[in-house]
There are 2 protein chains.
Amino acid sequence: MAKATASKSPKYVYHFGGGKSDGDASLKSLLGGKGANLAEMSRRGFEVPDGFTITTEVCTYYYANKKSYPKGLFEVDTANAIKKLEKATGKGFGDAKNPLLVSVRSGARDSMPGMMDTILNLGLNDKTVEALKAKTKNGRFAFDCYRRFVQMYGDVVMGVQKRSENEADPFEHTMEALKEELGVHEDSLLTEDHLRELIKRYIALIKDRTGKAFPQNPFEQLKGAVGAVFSSWMNDRAILYRNKYKIPHEWGTAVNVQAMVFGNMGDTSGTGVAFTRNPANGANEFYGEYLANAQGEDVVAGIRTPLKITDMATDKVFSGIYKQLLKVRAKLEKEFGDVQDFEFTIEDRKLYMLQTRHGKRTAQAYVKIAHDMVKAKLMTPEHAVKSGDPQALDQLLAPIFDGADEKAAEKDSYLTAGLPAGPGAASGTIALTAKKAEELAAAGQKVVLCRTETSPEDLRGMIAAEGILTARGGVSSHAALVARQMGKVCVAGAGEITVDYDKGTLTCNGKTLREGEAIAINGTTGKVYGRKVKTSDSELLQVLVAKTMKPKDSDLFQAYDFVMKLADKYRTLGIRTNADQPDQASNAVAFGAEGIGLCRTEHMFFEGDRIDSVREMILFAEDYAKFKAESEEAKGDDQKIAQLKGQYAQAIDHFKGALAKLLPVQQKDFEGLFESMAGRPVTVRLLDPPLHEFLPQAGPQMEDLAKKLGVKYDRIEALGHSLHEFNPMLGHRGCRLGIVYPEITEMQSRAIVRAALAVAKKTGKKVVPEVMIPLVGFQQELKNQLDIVHGVFAEEFAKAKTKLPYLVGTMIEIPRGALTADEIAEHAEFFSFGTNDLTQTTMGMSRDDSGKFLPYYQKLGIVKANPFASIDQAGVGQLMEITLQKSAPVRPGMKYGICGEHGGDPSTIEFCHKIGLTYVSCSPFRVPIARLAAAQAALRHGSKNAKVAAKAKPAKLKAVAGKG
Amino acid sequence: MAKATASKSPKYVYHFGGGKSDGDASLKSLLGGKGANLAEMSRRGFEVPDGFTITTEVCTYYYANKKSYPKGLFEVDTANAIKKLEKATGKGFGDAKNPLLVSVRSGARDSMPGMMDTILNLGLNDKTVEALKAKTKNGRFAFDCYRRFVQMYGDVVMGVQKRSENEADPFEHTMEALKEELGVHEDSLLTEDHLRELIKRYIALIKDRTGKAFPQNPFEQLKGAVGAVFSSWMNDRAILYRNKYKIPHEWGTAVNVQAMVFGNMGDTSGTGVAFTRNPANGANEFYGEYLANAQGEDVVAGIRTPLKITDMATDKVFSGIYKQLLKVRAKLEKEFGDVQDFEFTIEDRKLYMLQTRHGKRTAQAYVKIAHDMVKAKLMTPEHAVKSGDPQALDQLLAPIFDGADEKAAEKDSYLTAGLPAGPGAASGTIALTAKKAEELAAAGQKVVLCRTETSPEDLRGMIAAEGILTARGGVSSHAALVARQMGKVCVAGAGEITVDYDKGTLTCNGKTLREGEAIAINGTTGKVYGRKVKTSDSELLQVLVAKTMKPKDSDLFQAYDFVMKLADKYRTLGIRTNADQPDQASNAVAFGAEGIGLCRTEHMFFEGDRIDSVREMILFAEDYAKFKAESEEAKGDDQKIAQLKGQYAQAIDHFKGALAKLLPVQQKDFEGLFESMAGRPVTVRLLDPPLHEFLPQAGPQMEDLAKKLGVKYDRIEALGHSLHEFNPMLGHRGCRLGIVYPEITEMQSRAIVRAALAVAKKTGKKVVPEVMIPLVGFQQELKNQLDIVHGVFAEEFAKAKTKLPYLVGTMIEIPRGALTADEIAEHAEFFSFGTNDLTQTTMGMSRDDSGKFLPYYQKLGIVKANPFASIDQAGVGQLMEITLQKSAPVRPGMKYGICGEHGGDPSTIEFCHKIGLTYVSCSPFRVPIARLAAAQAALRHGSKNAKVAAKAKPAKLKAVAGKG
């Protein structure tokens, strides 16, 4: 926008080419990724065919105005751009002698490969095709171009497509029919005359199906193509893709119109795609593929298996081009500061760059590349942190094949090897279609989707599958590309495999597997096995958790650790973990957790036979409460009280007895946690779930319990009924339990303080218990529980004749808690947002029941993301902000955390950073994700107390880069 | 506070008496009601014994500071006040010759009769009692005073009380023992010497029980008594009382210390209580009672049945006093502008006023008095509106006895007649103790509590009972007083009745009824019947609803109508009603409703056999939705769609068929409503509850449904399971139904618009439908439903070739809706707060499940009132305010309503007025309450657009007063 002209309406069309451009890489949101990079490449001296970009604002306008265009877009802006293009190329749009032909491509802010439509060879018509023939002296080439253009245009712009799944594509059908008439079996054997006839039939087909003529006027063609690109922004595939990657639907796409260069003009022409480094594993090697005499789409589609880019070095025709490409490779990394994924075309021995972008990469490649390029000073540390997808770090923890079992499989079930396009191990049931993959996955099976090749239609199935295996297609094929982006395990182009969809089989070297049978693929090595293979810990887990591998022996760990430490320099948010067990806690510490943000004490209740004591406590709780209430009424009347004590003797004995049994058990639990956290803070939440969750189901289990407690079965059943709730989520739980049964709060507090004192004494280390009261909505609730906790701590401190620092705080997990945070802050020493419940109450939406309507909501765009995965910033987030605004003045220096499942979600973490939380707490395995996401948030939004930013930034960063 | 001195600490002690006072009636919150009015009476020339008031601020201080007092309170402030009192009375505190004796009484801002403790004759000790004897020349009197004081002090201040329910009061026991020793049967026969012995024993008893001596020092006595009064503020009775009347516990009580005057000094002394008008029915008659030679407590306690105040006119000793009292009566009404409830004492033919206050009255008396006094210009119209308890208007709608059946009962079951102390009809089971009354009521029975007399201990039982019958006590007895205040039906002092608690019987003129048998009391006439008597509509209902009585024939209606019209002049809030049926709607209009604020369409679903169609719709809804989803996926593939249509034929037929059947039925419902509202706006809420609520329970009903719909039983059962929800309150309901099943929204919208068009055509009157979308949390939800509604309305308008104005709005009932009200307001034309659900979600508290802990919350003071009855202003109310703040700028002139059950709660209505709602909507019978509450809110808080305030106020008001 900075470069927009001062004219009244915004600048809708940006020219590029000839070493100058209207735009540059900074205008990505306006020009799309492709358009911005084309402009940038042109500026930086790469050879780019001239062209222009119609901005994303036009797309936005298009959808906001009933699919119409800004005034004068075609008549003035585009017409002028075409004139400029004509001047630059010396050709004329529709010129019968020297026609300008263009490609029309989509280009969104974030690349959405294969999701939207592309038109090539636009400008061809019955007249200009003759000029192309004359100019190239190749009639077959010219009419093949025209044939392709008519077919593409008929399909994409005019909507001539197959009408049912079983129908053949109408253009393919027409071609096949002609070939049959002619007795010609291969496309390449069709002559110029054949093609002339085919084009006639195509044009007739279009007229027949649409009632409209195929447009001969290039401007009309262009208008149609631009419209088709904008329309494709809202096709189902594209919407699905954006939903998955959380790309806002409002962004829109730009349209790039570029002078055609032909990679298919003959044997001195060609086309290719390449990465400056290996995007699957991050190795510093030139990585890509090319096809001679082909157009770019041929490479991506995976129909012809291309050659490795490195083979070009020894090619007779292209070895010189290869040298140029090596220079391009180095220049790209230097100029763009990251691995580049670029497309090129060779038209009659001349190299053109068609696009470049930061290469999508697997998590493994991400850490490796970040490590290597920062060390080589090719990448800034900031970019290293910013360029990773935190969510994808999950991949580094995904299981790999068990060494022994894979060795055995190699002997008994080896099938073949393909291209290792997505590292990892996938083992599951064969599905030959995307639909089948979805079905099997929905039924709970692990699936490997096996196809000859994949196409954008297969996206849902690919998402559902554990891994993807294709018989055709190279490292740049659709399958490889999607696998890279989604972190799917993928083996591509395993050429020995034949998939027969009709028979439902996959055949390889004489062995035949049927759909539904087992298969395993190793995306790190490319090997394929005809059975399931056992899995074991990922390399990272072997180093960090199992400690079966030494850090120095793992390159992957080195790279991961480098990136994590880099992230830690930038982030200002603390990272804690949700853990209830010592081993969980230790794992989390290994991943970098700085404390426990949530220990759910009730998880401990289910372990071993202690559940019996819990149930005993519950069974007699109500009677005990009655006893207390009646005693209070009879206060002063000792006789009456004695009588009540007799009457309720059983309840008193059991209730107090059960608590007495639980006390030492809970204390031991806490001791384990405190020890494993070795001085780090541990937030313990008091009992939260409704009591009926602890009861057994009716039947044998209940009978068993009745026997154990020596009461009648009916009594236990009656208790089940009496504890039944209409809306348990909003029922008798959280601090409401501790208020009705203060003895439970007392027992838990005592277990905590005793454990803390014991561990402090034993280890000599600091122990920092933080007691957390759940579900507080009223300050008096907190006050009530607080008094009990402080009372118990004081008692135990007195008994032990020592003290230790501790905090008492509360969860903010119902709207009233947030709305009255100023009152509650008078008592709380910390707040932790329980965003699971806060989301349910703020939205009035039960997570367990939302399955009936939430899918409709996502489809209709009512919600952008699943609010139970990523925080709803406008609603729930607003309450969080209100909480901070209200409470901060009441208690300066208050600690704020989040301990809902959102705590491990990158966009939630970014939000938490922005509003000023102290820490996020997530499950142990998400700690690395949180570290990276927190660092990115700090880089994006800054922070006054940023660890790095506060000091001398560049010096520090160089040191980091040098050290790692 | 305005009169507080400029000294550093606040003024804690206020003097009154001798025609001058430190305070006045405006200082009610500081001095309590009694203290302020004593000050005011003294200023206005009534004869008041001198005294001083210790302010409520001391009480607040006392509880905020671990039951301690402000520095110098006793040493300086109280000591000075006593000095002033000594000077005014010419007596000395503890003086052995002319001792100053005082009473110490509580006095809260709002009167809490009998709830807190009182001490009389303070200042008496072993020495001063002799002086009193000398001065009065009446040893028996002096020692009886001392005896009473020691007893009262021992009980109230030193806590010597019975230790169990069965034990006798220890002082009574001591007295009885002495009487037995002496062979004396009546208290009055105890001589001075007997009393001297009794006092000795009392003092010994105190020492024995408490280990402390009875204090002889008057200052020490005073300090103890003041402490006891403050302590009694927090006794269980007082807390219960305040909870019932929503008096804040923070207010605290003042303490009034006043020179004693003795009504028990002999036959020329006496005491009494009186109302300037009849507080039970409002009649303009002098009403009250007195006792010669008695202290005030004797009258209230109901132990001796007092004489009617009007009997005094012909009394030899007191006829002169009666003339003075008539003057006092007139002066009181004139000076205080309302009916006064006052207490007086005659000490040796001299009349003293001990207190006055606005008289508590029944609802019937309230409207009558307001009507009469405003017309007589004795009361301002503002005060007439402000002085009523809106909630109490309920009493005017309570059933009265059926004329015929009461006539029959008069013949077959007449027992006796007592004082008509609380108008109305109560018929039920006899309970002789408060506890029994509570038990029977808890078991669902209607109860009449029958006692010799009632005392504050009986409060819970009185609350539980339908009516109260006492054998002793007059119009000022505890029973009569509580009945008046609570609007309980009450017959007091039915002297022919004898209650035998041991035998569990009630005897009257030879007839004996047992506890558990039936009885009926008419609180309007005082008659008592020994069986149940049928009830019929209240007089007001007979006039307004049944129309069996003409307005002009009902004085009660005249008075009611006068007050309602007065209220309407002041209120600015609109009053609507929640109604789903034409007759409900008509009733509401009769009560003054100005529109329907909530018509729950689903209530209509249950009527007649239409529930079958509803169930048919539900049964096939999911399959229909599947059909739609799959059709959409197959878009363009006509063959596939045809196949789907075949596959889902049954679901399509049934689902659409059921909707088609419901459409005309719903239309008819709406026509009825529109007609009965005759041009007033009608807000129709679209389907809200989760679908499973419409399904039958398992078993025969399900089988029946299966047969009717021609499907298998299993299928219906399976549907039940599939619709089951964990938290239905947060589940698939509200607009979530209309989004998944837009056909339902469409059908309902069509029924509404067709009904509106039909009624407009038929009646020629305006019809104003307001379509309300429930449970909106996201603007896109509303947009989605809005598009359907507008589409249907446009279609039907086009078909009918006419239009009518209508609105589409939404409920704000989940926090997210409130928090994003600015976004939602872009689409909504009105907001209606659904405070039932908003309370549940904001508090994370299910109303249905809160019974397990909410009672604890109320007891512990965590919540002040039941948040489902009276809006939680700090939490839920805050969200309402946020809604207004955010949405008002987006859509100026937006209509705001409330349609939760809170809409009929006076304190909620006050809140709604304050934050600026347009209207409240409540159930038809609560409309009068809402009208009065809204007027009071306007008077209390003003309003820029107040109907009255905007115009010339005094002139207008005079007109009202003159007209009514």
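This text goes with the structure placed above it.
It should be emphasised that the depicted structure is a prediction, and the values quoted were computed from it without experimental measurement.

A.B. asks: Mind showing me how you'd approach the interface of chain B and chain A here?
C.D. replies: Interface size is commonly expressed as the accessible surface area that is lost when the partners come together. If you look at the interface, chain B gives 58 residues, while chain A gives 56 residues. Surface buried jointly by chain B and chain A totals about 4900 Å² across both partners, of which 57% is contributed by carbon and sulfur atoms. Linking chain B with chain A are 2 salt bridges, by the criterion used here. Residue D872 of chain A is joined to R816 of chain B by a salt bridge in which the shortest nitrogen-to-oxygen separation is 2.7 Å.

A.B. asks: Is there a simple way to think about the packing of helix α12 (residues 363-375) of chain A against helix α19 (residues 555-570) of chain A in this case?
C.D. replies: Geometry of a packed helix pair, given as the angle between the helix axes and the separation of the axes. All names here are of chain A. Contact pair α12 / α19: the axes reach a minimum separation of 8 Å and the direction vectors enclose 70°. Looking at the two axes, α12 sits roughly perpendicular to α19. Across from Q364, Y366, V367, K368, A370, H371 and V374 in α12, the residues of α19 making contact are L556, Q558, A559, Y560, F562 and V563.

A.B. asks: Hey, could you run me through the packing of helix α22 (residues 610-633) of chain B against helix α23 (residues 638-647) of chain B in this one?
C.D. replies: Residues and elements named next belong to chain B. Viewed as axis vectors pointing N to C, α22 and α23 meet at an angle of 170°, and their least axial separation amounts to 9 Å. One way to sum up the angle between α22 and α23 is to call them roughly antiparallel. Every residue of α23 that contacts α22 at F627, E630 and S631 is listed here: I641, L644 and K645. Classifying every residue of the contact of α22 with α23 gives 3 nonpolar, 1 polar and 2 charged.

A.B. asks: Please clarify how the sheet that holds strand β19 (residues 497-500) of chain B should be interpreted in this entry.
C.D. replies: Residue and element names in this part refer to chain B. One open sheet accounts for 3 strands, arranged β19-β20-β21; its pairing is antiparallel. With one partner strand each, in any of the chains shown, β19 and β21 (511-514) form the two edges of the open sheet. Strand-to-strand twist of the sheet, defined as the mean angle between neighbouring strand axes without regard to direction, takes the value 20°. Here β19 runs beside strand β20 (residues 505-508); their pairing, made up of 4 bridges, is antiparallel. Paired with I497 across the strands is C508, a residue of β20.

A.B. asks: Even after reading the chapter, I still don't get a negative patch on the surface, so can you show me in this structure?
C.D. replies: On the surface, a cluster of negative charge is contributed by D236, E438 and E439 of chain A together with E630, E632 and E633 of chain B. Elements supplying a minimum of two residues to the negative patch: α15 (434-442) of chain A together with α22 of chain B. Note that D236 of chain A resides in helix α9 (residues 236-245).

A.B. asks: Looking at this model, I keep getting lost on the relation of the copies chain B and chain A. Mind explaining?
C.D. replies: Between the two copies of this chain, the relationship is a rotation about some axis together with a displacement along it. Between the two copies, chain B and chain A, the superposition gives an RMSD of 0.2 Å; the rotation angle is 180° and the shift along the axis is 0.0 Å. The two molecules are tied by a two-fold rotation axis, judged by turn and shift.

Criteria and cut-off values
Residues numbered from 1 in each chain as written. Chains lettered and ligands numbered in written order. Predicted model: local features only at pLDDT ≥ 70, side-chain atom pairs only at ≥ 80, totals over all residues. Heavy atoms only, no water. Contact = heavy atoms within 4.5 Å. Buried area = accessible area lost by both parts, 1.4 Å probe. Salt bridge = Lys/Arg side-chain N within 4 Å of Asp/Glu carboxyl O. Axes fitted to C-alpha atoms, helices over the stretch in contact; angles between N-to-C directions. Helix = DSSP H or I, 4+ residues; strand = E, 2+ residues; numbered from the N terminus. Parallel < 35°, antiparallel > 145°, perpendicular 65-115°, else oblique. Nonpolar A, V, L, I, M, F, W, Y, C, P; charged D, E, K, R; others polar. Pairing = 2+ DSSP bridges. Patch = residues over 30% accessible without salt bridge, like charges linked within 9 Å, V, L, I, M, F, W, Y side chains within 5 Å. Areas by Shrake-Rupley, 256 points an atom, 1.4 Å probe, with all protein chains shown as cover. Lys, Arg positive; Asp, Glu negative; His and termini not counted. Charge placed at Lys NZ, Arg CZ, Asp CG, Glu CD. Least-squares fit on C-alpha atoms with pLDDT ≥ 70 in both.

No statement about biological role is implied by the geometric values presented.
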